[in-house]
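Here is what each chain is made of, one letter per residue.
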Amino acid sequence: MIKLLKQLWRRLTYYSRRDQFDRELQEEMQFHLEMKAEQNVAAGMSPQAALSAAQRQFGNSLLLREASREVWIFRPFEALVQDLRFGWRLLARSPVLTLVAVLSLAIGIGVISTVFTFVNAVMFRPLPLPDSGRLVRIQDDNLPTYADYLAFRGGASAFTGLAAYDFDGFNLIADETSGRVGVVKVSGNYFDVLGVKPLLGRSFSADEGSNPAARPVAVISYGLWQRRFGADPGVIGKDVILQKEPFTIIGVAPQDFTGVSLGIQHDLWIPLLMDARLHPEGNFIKDPDSHQARVIGRLKPYVSLAQAEAEIKVIAAAQDLIPKVRRFSDDPEAQQPYTPSRLIPATIVEMGPHDRQQAWLGVIAMMIVAGLVLLVACANVANLLLGRAAARRREIAVRLALGAGRWRIVRQLLTESLLLSLIGGAAGLLLAQWAAGLLLSLISRFAPAETPAVFLDLSLDGKILSFTLLLSFITAIAFGLVPALQVSKPNLTAALKDETLPLFGNRRRLSFRNALVVTQVAVSLLLLIPAGLLIRNMQVAQHSDYGFPTDHRYVINFDLEGAGYDDSKQRSFQTQLLERVRQQPEIGSASFSQIIPLSGALNVIGLEIEGESPTARNEDAASERHGSMWVLDQPRSLFTDTVDTRYFETLGIPLLDGRDFSDHDNASSPDVIIVNETLALRLSSGGSALGKRLIERDPVKQRARLLEVVGVVKDIKYQWPAEKPRYFAYRPISQNPIRNVHLMVQSNSGPEAIFARVRAVTRALDSNVPLNEAGPLQGIIDQRVGSSKVLIWLSGAMGLLATLLASIGIYGVMAYIVSGRTKEIGIRMALGARGRDVLRMVLAEALSLVLAGILVGWLLSFAATRVMASLLYGVSPTDALTFAGVAALLTAVALLACCIPAWRATKVDPMVALRYE
């Protein structure tokens, strides 16, 4: 063992003192040579003869020096260094080829690294908090209740602390100004568990976090401190109003603390028990079946995730963690046993197991698309290497003839490929950082205005570097192995004679190169067609008939809950406000609505018809799944909206049968609904839908409501401009009180005049009620359609990158073909062929490869685009116009790439070509 360690130390020290070792070796060899010469002189030889004899006896000094050095070095490492040096010289000797190959690999590797950068930021990177690797979430597909949190906190010994939190939003009044803010309700130890120290003031005390009767206090975010308080250092001790409750500011969070959840606005933190004051009529602190407690904890040192999870499951098993919605549901699938809570590492995105599975499916899909771009890049570089190998045939043949083994040649060629891939990977890493920032800005640009700013840490870390390095090694083998194996087996006789082989002298190699081009074209088509379908889908959506006019329609948002209104007060306020707004001369009609059409919001309940047997419901659902014209997103799903009187008049939706809601539809009268014509057709069975009743079940409160149909309105577009018909029903606000409503206004005046009138009316009733600026309904719809532009940008960019790489590959192949057929072209021109004949011949050969690739790409696209059916509403997954248009575009680009080689072919001098060999 000691001997091995000494050898290892000697080998390591050699590289740090290489010159010294070589000098000492040279001196020692010279000493032995001189000693031998002196012995020969003593034996009677002349000095010159003695030296010559000593050199003959000593042997080849260079060989001896190399043999001695073998004892000191790592031979594989030395061979690798030699290969890298030789490869670097070859790459430097061909700068154009090297630049094209590096750019191709940078694009391919950069695309995948960009995807991984986002995956790493969202799913792998821990929270930007102290010792965040010990932070975990207790989370499943259902969140725990507050009672569960208390049981976990009291019984779990694997944590230094467990904190609970929940998100909410309220109207904040401070210094006589109001506005909507994102509020996080937290347990008293929230900041301590996270290891966050306030920039100013302090965090919550034990009494403030556990005593509902304690003084209401709040910690504000750095951003809110800047926006609303002008970074006033004297903000500590000031009062702000939430739900008409005064909260005293006791601290300001640090600037770099933006919360623990992506996409959630964090402006204000308040004690969790204050929820009872903000929601006195119903809050999740008191409700044993309200699964809203998000729990985050910090593991103790030396406690593993598995150990802590086992302890949590024991506590969960002792709790009644089966939600009522499962216990009282008629759906057999909802009766499955509830899985006890699990522990997951605390990342920036909160996802349960089901959501995580869905996210991974999306990640795999993105990686496949990015991998296709890399495949095109690898095919491109493989083609370039095969082209360069033709110029190295004689070199490789000489090396083989002198005794080099085939594996030695393959290793050298793979080392050159690895060097190319590493350079391309480094460039791709830089490209990925730039592309990730650009993509994040696009997401923020096309996100809805009310969406909080997206903060993602996209900086380089060890995971991204390791992933890119591994990807570079795999890529080097992918594009370098087959060319290396083919090139290392040349025709030695022809190569040593330096004979130029005819182009068709090696059909297998030519077929492989052509197959690479066909693959590039096919993959490019496969990536471009989905982008074309999405663009066509957006065009259809923008020109679709919504079923109602959008001009002169405006939306104003209210927040009565944020102003502290309970159910009875909010309805009284809504009634008074609506009456006064309708009296304004600039306003033609007005009504309240819970959901804005085509805004993307959804409200879904189970569809159950009175008197319909379960067998009939199942048969109907089966017919929906097997191609009925009334296909829904989910069988037996009813989409609903809660509206006020004159809503259909305001929005311009025709009433086809029955009546509109009236003031007589109140809490003391029978529950009523108005259905769309699609649902009416289902209810009528050849007659009238009026008088039919639907059943709305409330599994939590264990009761059912009968909803009588009193009207039928025309179908409109509810969620997407080009969607399929769906069941939809409207319920009156008077029977279904809601606080967060939208005022829909029809007026020929501009939004500024409308907002001024509504604001004046609102302030006359209650100046504390917040409202947002009036926005055109068409603008909201345009924003909804525009949210799909990010996906279009991404898919289009992937397709265009693949097309660029394919065009470079086609150019390389055609240049090689022209070079290989120089003599043939010269003979043709000497026999009378004209330039346009040669041009037609070269372009025809290129076109045959492109058409073969398009045919293969079409076949692949016909199968692949079927998975996009759920994303397409107005376009078929096999839309002929898209398939033909993309093929025409790709053909034009490919032929353009062939123009330079084809033009060069027409300039061949017959006399020069005939003397070519």
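Chemist: How should I be thinking about the overall build of the protein chain in this particular structure?
Modeler: Summing up its helical and strand segments, the protein chain has 30 helices and 21 strands in all. For the protein chain, the residues scored as buried account for 48% of the 917 residues in total. For the protein chain, the share of sequence-separated contacts (at least 6 apart) that also reach a separation of at least 24 residues comes to 81%.

Chemist: It is not clear to me how helix α7 (residues 146–155) should be interpreted in this structure. Could you clarify?
Modeler: Quick reminder: α-helices carry 3.6 residues per turn. Residues three or four places apart thus point the same way. Of all the residues in α7, the buried ones are Y146, D148, Y149, A151 and F152. Residues of α7 that are buried make contact with β1 (135–139), β2 (159–174), β9 (294–299) and α12 (305–318).

Chemist: I would appreciate a short explanation of the nonpolar core in the present structure.
Modeler: Among soluble globular proteins, nonpolar side chains are generally buried collectively. Of all hydrophobic cores here, the largest spans 38 residues; its most connected members are V373, L420 and F479. Contributions of two or more residues to this core are made by α6 (95–124), α14 (353–391), α16 (406–446), α17 (462–487), α19 (507–542) and α26 (789–820). Tallying contributions element by element places α14 first for this core, with 14 residues. Those residues in contact with V373 that sit more than four places away from it in its chain are I107, G108, V111, L527, M798, L801 and L805.

Chemist: What is the right way to look at the pattern of salt bridges in this model?
Modeler: Any two side chains of opposite charge can pair if their charged atoms end up close together. This structure, assessed with the given rule, holds 14 salt bridges. The salt bridge involving E309 is made with K313; its shortest N-O contact spans 3.5 Å. Taken as a pair, E309 and K313 lie in helix α12 at a separation of four residues, close to a single helical turn.

Chemist: Would you mind showing me how to read the packing of α7 against α12 here?
Modeler: As a packed pair, α7 and α12 sit with axes 10 Å apart at the nearest point and diverge in direction by 130°. Between α7 and α12, the interaxial angle falls into the category oblique. Handedness of the α7/α12 crossing: right-handed. Only E311, I312, I315 and A316 of α12 make contact with α7, whose side of the interface consists of A151, F152 and G155. Each residue belonging to the contact of α7 with α12 can be placed in one class, and the counts come to five nonpolar, one polar and one charged.

Chemist: Explain a nonpolar patch on the surface here, please?
Modeler: Nonpolar side chains collect at one region of the surface, where I477, L481, V482 and L485 lie side by side and expose about 300 Å² of accessible area between them. Position of V482 among the secondary structure elements: in helix α17. V482 sits in the partly exposed class, given a relative accessible area of 33%.

Chemist: I keep staring at the pairing of strand β19 (residues 728–732) and nothing clicks. Help me out?
Modeler: Side-chain direction in a regular strand flips from residue to residue, so the side chains alternate between the two faces of the sheet. The element β19 is extensively covered by neighbouring structure, given that five of its five residues are classed as buried. Side-chain alternation along β19 places F728, Y730 and P732 on one buried face and A729 and R731 on a second face that is also buried. Pairing of strand β14 (residues 637–643) with β19, which is carried by five bridges, proceeds in the parallel orientation. When the sheet's bridge partners are listed, F639 is paired in β19 with F728.

Chemist: Just to check I follow, could you spell out helix α23 (residues 677–684) for this structure?
Modeler: Counted residue by residue, α23 has six buried out of eight residues, so it is predominantly covered. Those residues of α23 not exposed but buried are T678, L679, A680, R682, L683 and S684. At the C-terminal side of α23, S685 shows a positive phi close to 55°.

Chemist: Can you walk me through unusual backbone geometry in this structure?
Modeler: Most peptide bonds take the trans form, and the phi angle of most residues other than glycine is negative. Even without being a glycine, Y302 presents a positive backbone phi close to 70°. Assignment of secondary structure puts Y302 in the loop between β9 and α12. By relative accessible area, which is 83% here, Y302 ends up exposed.

Chemist: Is there a simple way to explain the environment of R513 in this structure?
Modeler: Relative to the helices and strands, R513 resides in helix α19. Given a relative accessible area of 3%, R513 falls into the buried group. Counting along the chain gives 131 residues from R513 to A382, while the straight-line C-alpha distance between them is 8.3 Å.

Chemist: What exactly am I supposed to notice about the confidence of the model for the protein chain here?
Modeler: Low-pLDDT portions of the prediction should not be read for the details of their coordinates. Across the protein chain, the average pLDDT comes to 77, with 74% of residues at 70 or higher. Here helix α13 (residues 324–327) stands out as the element of the protein chain with the lowest mean pLDDT, 44, in contrast to strand β16 (residues 672–676), whose mean of 93 is the highest. Every residue in residues 499–509 scores below 50 in pLDDT, and together they form 17 contacts with partners more than four places removed in sequence or on other chains. Note on residues 615–632: pLDDT under 50 across the span, and 26 contacts to partners over four residues away in sequence or across chains.

Chemist: Got a minute to help me understand the packing of aromatic side chains in this structure?
Modeler: The description of an aromatic ring pair uses the distance of the two centres, along with the angle that the planes make with each other. Counting across every chain of the model gives 17 aromatic pairs. Look at Y647 and F648: their rings are 5.5 Å apart centre to centre, the planes differ by 80°, and that puts the pair in the edge-to-face class. An aromatic cluster is present here, built from Y165, F167, Y190, F191, F204, F257 and W269 joined pairwise through their rings. The residue whose ring lies beneath R726 is F639, and the NZ or CZ to ring-centre distance is 4.4 Å.

Chemist: Even after reading the chapter, I still don't get the pairing of strand β6 (residues 239–242), so can you show me in this structure?
Modeler: Residues V240 and L242 point to one face of β6 and are all buried, whereas D239 and I241, pointing to the other face, are not buried. As paired strands, β2 and β6 are joined by two bridges and run antiparallel to one another. Among the inter-strand pairings, L172 is bridged to a residue of β6, identified as L242. Summarising the sheet, β6 and strand β7 (residues 245–252) pair through four bridges and their orientation is antiparallel. Bridge pairing in β7 links I241 to P246. Turn length for the β6-β7 hairpin, with the two strands adjacent in sequence and antiparallel, is two residues, and the turn residue Q243 shows positive phi of about 50°.

Cut-offs used in this document
- Residues numbered from 1 in each chain as written.
- Predicted model: local features only at pLDDT ≥ 70, side-chain atom pairs only at ≥ 80, totals over all residues.
- Heavy atoms only, no water.
- Helix = DSSP H or I, 4+ residues; strand = E, 2+ residues; numbered from the N terminus.
- Buried < 20%, exposed > 50% of the residue type's maximum accessible area, 1.4 Å probe, protein only.
- Contact = heavy atoms within 4.5 Å.
- Core = buried A, V, L, I, M, F, W, Y, C linked by side-chain atoms within 4.5 Å.
- Salt bridge = Lys/Arg side-chain N within 4 Å of Asp/Glu carboxyl O.
- Axes fitted to C-alpha atoms, helices over the stretch in contact; angles between N-to-C directions.
- Parallel < 35°, antiparallel > 145°, perpendicular 65-115°, else oblique.
- Left-handed = near helix turned anticlockwise from the far one by under 90°.
- Nonpolar A, V, L, I, M, F, W, Y, C, P; charged D, E, K, R; others polar.
- Patch = residues over 30% accessible without salt bridge, like charges linked within 9 Å, V, L, I, M, F, W, Y side chains within 5 Å.
- Areas by Shrake-Rupley, 256 points an atom, 1.4 Å probe, with all protein chains shown as cover.
- Pairing = 2+ DSSP bridges.
- pLDDT = per-residue confidence, 0-100.
- Phe/Tyr/Trp six-rings, centres within 6.5 Å; stacked < 30°, edge-to-face > 60°.
- Lys NZ or Arg CZ within 6 Å of the ring centre and 35° of its normal.

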